[in-house]
Amino acid sequence: MMTVNQISKLTGVSVRTLQYYDKIGLLPAPSHTQAGYRLYDSEALERLQEILLFKELEFSLKDIIAIVNDPKHDKEKAITQQIELLELKKEQLEKLIGLAKKIRNKETEPMDFTAFDTNKLDEYTAQAKAYWGNTAEYKEFEQRDIKKTDEQRKNAADGLMDIFAKFGLLKETTPDSAEAQSLVKTLQDYISANYYQCSDEVLSGLGKLYGSGGEFTQNIDSKAGEGTAAFTSKAIELYCLRK
């Protein structure tokens, strides 16, 4: 068994943070000394590793609590996803290091910003969150979806794509225009009404996913024209920044 101070020195997590994790039920101390000091065993250390892994995936503490306390939680899958995420981050970091060296050696073009492209990483993170599905939003979606008929699901999806089509009509304007910003609000309200409560935080994440260059981008652009997903993503970003 290890004390909270020993755990802090071993992991780099502050004592205050460990105490807070215990208080909110995220990392409860399995035992205490006679004087009331927290004691942690190897199982608690494994749980702390999981917590830190999910923090790297940018989950909120509230969502992490739901995940690690879920009897169906797949630890092996969590570790696999974390490895994939770190490999993507390593790839991104290597690109930045390479660019910095080129700049130092004056070997790069002034307009070369490809090393700053995090679309692949952003998309993977969003997909990882969708996989775990332990967020309040995903649970709400499941509860609503199970009550819908196939026709209702199709109508909801068609309505969503109709909104993207309207973004497509605006893509030659600026994403900060009154029309584009109003349409972002329409999109947010539509998602809340038909799928799950779409907070500004959730909307911001969706915006990044839409512009990630992956399947979401392709689906939107195929419906509303090339460039629509990127335009929508930027409009959402500006909308959330103003809130």
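A.B. asks: Can you help me understand the packing of helix 10 (residues 200-210) against helix 12 (residues 228-241) in this one?
C.D. replies: Helix-helix packing is described using two parameters, namely the angle between the two axes and the distance between the axes. Their axes nearest at 8 Å, the elements helix 10 and helix 12 cross at an angle of 155 degrees. Judged on the interaxial angle alone, helix 12 and helix 10 are roughly antiparallel. When you trace helix 10 past helix 12, the crossing you get is left-handed. Judged by residue contacts, Asp200, Leu203, Ser204, Gly207, Lys208 and Tyr210 of helix 10 engage Ala229, Thr232, Ser233, Ile236, Tyr239 and Cys240 from helix 12. For the contact of helix 10 with helix 12, the per-class residue count stands at six nonpolar, four polar and two charged.

A.B. asks: Help me understand the pattern of salt bridges in this model?
C.D. replies: Note on pairing: side chains with opposite charge can pair once their charged atoms come close. Inspection of every chain in the model, using the stated rule, returns five salt bridges. With its nearest N and O atoms 2.9 Å apart, the salt bridge here joins Asp150 to Arg153. Taken together, the positions of Asp150 and Arg153, both in helix 8 (residues 150-170) and three residues apart, correspond to about one turn of that helix. Assessed through its relative accessible area of 61%, Asp150 is described here as exposed.

A.B. asks: Just checking my understanding: could you explain the nonpolar core for this structure?
C.D. replies: Proteins that are soluble and globular tend to have nonpolar side chains buried together. The biggest cluster of nonpolar side chains holds 26 residues, and the ones touching the most others in it are Phe167, Leu187, Ile191 and Tyr210. Elements supplying a minimum of two residues to this core: helix 8, helix 9 (178-194), helix 10 and helix 12. Ignoring anything within four residues of it in the chain, the contact list for Ile191 reads Arg144, Leu160, Tyr196, Cys198, Leu206 and Tyr210.

Calculation criteria
- Residues numbered from 1 in each chain as written.
- Predicted model: local features only at pLDDT ≥ 70, side-chain atom pairs only at ≥ 80, totals over all residues.
- Heavy atoms only, no water.
- Axes fitted to C-alpha atoms, helices over the stretch in contact; angles between N-to-C directions.
- Helix = DSSP H or I, 4+ residues; strand = E, 2+ residues; numbered from the N terminus.
- Parallel < 35°, antiparallel > 145°, perpendicular 65-115°, else oblique.
- Left-handed = near helix turned anticlockwise from the far one by under 90°.
- Contact = heavy atoms within 4.5 Å.
- Nonpolar A, V, L, I, M, F, W, Y, C, P; charged D, E, K, R; others polar.
- Salt bridge = Lys/Arg side-chain N within 4 Å of Asp/Glu carboxyl O.
- Buried < 20%, exposed > 50% of the residue type's maximum accessible area, 1.4 Å probe, protein only.
- Core = buried A, V, L, I, M, F, W, Y, C linked by side-chain atoms within 4.5 Å.

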